[in-house]
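A structural walkthrough
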Amino acid sequence: MGGRRVLLAGRSVSPAFGGTAVPLAVTWLVWGTTYLAIAFGLRGTEPLTLSSVRFLTAGLLLWCLAERRREPPLTPVRRRGATLVGVLLFSVGMGGVALAEEYVDSGTTALFIATVPLWSVLLNTVRGRPARGAEWAGVWLGLAGVAVLSAGLGRDGLTGAAILLPAAMCWVLGSHLDDHAAGVRGSAAQMLAGGAALAVAAAVRGEFASPPRPTWGAVLALAYLVVFGSLLAMAAYRHLTAHTGPALATSYAFVAPVIAVLSGALFLDEPLTAHVLAGTALIAVALSTTLLTRSRPVAQPLTTAPGHPARGGRGTGPRRGG
């Protein structure tokens, strides 16, 4: 690969991967198990508190990296932009995922969030990039999958669904507003802003009144979310967008939800109901239809599911797990 470089938190750093197989496996497995890690983390603390600690920690690590690289300070405009994007992506997007997992199991949560590329099609249409027929077919199939999943949920599950859909939409909006030229410091500022807003929301919700219940499982889950979910998998994804085609780089979008459903069933005894299996099939077909149709390069930012941080690249498919 010569002197080519890949991105950490969307910014240029030395390549950490030597080929395609390893980063592809990282994006599939890590982003497929992020929701499981959140479920274990919730056994030790409240959802918004967990997310706040996660992103404040990751943001501080990235800020230290920016200092080491002697990156210039952010301009006032970029600070305001980072704050807005951080709230959309990390406070509403990822905070919503953790909050929803109090009502919906981890596999079902992953399936709802997997619809993010479909909402991206709608936003691109509003912004003047008309969707093709196959993309619209994918949107309608994905919505049918969401309807099937929702039909199998009880009252609490519908509450979780009502949290997840706006979270996915805010993730897409934040992705499209993201500033791709703000350096590692910009990424750090986004995470810090999102983490700070989550801390305020946790205080308003009364989460600080409940003492944390630290267990080894919860602590390890938090470490996994910070190091693997927020840093390593995103670096692997950026390597893929730099060295492979967009269809392969975004293939996690229809692999990770299946891994999430299976890992939830295996480790958390989450039921594989007929609604879950049918919804999984419909959403997988919808994503494959949409993403493969969008595989030709276009001038749009990449959009991934929450919990899956990444920056814009070749302009197709999902951007930014968990």
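Structure's up top.
A few points on the structure.

This next bit is on helix α3 (residues 76-100). In this model α3 runs 34 Å from its N-terminal to its C-terminal C-alpha over 25 residues, within 8% of the 36 Å that 1.5 Å per residue would give. Along α3, the sharpest change in direction is near 30° and occurs at V87.

What follows covers the packing of helix α2 (residues 47-68) against helix α8 (residues 183-205). Axis separation between α2 and α8 bottoms out at 7 Å; the angle between their running directions is 155°. Between α2 and α8, the angle falls in the class roughly antiparallel. In terms of crossing hand, the pair formed by α2 and α8 is left-handed. Classifying every residue of the contact of α2 with α8 by side-chain character gives 20 nonpolar, six polar and three charged.

What follows deals with unusual backbone geometry. Even without glycine at this site, R70 takes up a positive phi of about 55°. Residue position: R70 is located in the loop between α2 and α3. With relative accessibility at 74%, the residue R70 sits in the exposed group. Positive phi is not limited to glycine here, since D269 has a value of about 55°. On the secondary structure map, D269 appears in the loop between α11 (252-268) and α12 (274-293).

About the criteria used
Residues numbered from 1 in each chain as written. Predicted model: local features only at pLDDT ≥ 70, side-chain atom pairs only at ≥ 80, totals over all residues. Heavy atoms only, no water. Helix = DSSP H or I, 4+ residues; strand = E, 2+ residues; numbered from the N terminus. Expected span 1.5 Å × (residues − 1). Bend = angle between axes of the 7 residues up to and from the residue. Axes fitted to C-alpha atoms, helices over the stretch in contact; angles between N-to-C directions. Parallel < 35°, antiparallel > 145°, perpendicular 65-115°, else oblique. Left-handed = near helix turned anticlockwise from the far one by under 90°. Nonpolar A, V, L, I, M, F, W, Y, C, P; charged D, E, K, R; others polar. Buried < 20%, exposed > 50% of the residue type's maximum accessible area, 1.4 Å probe, protein only.

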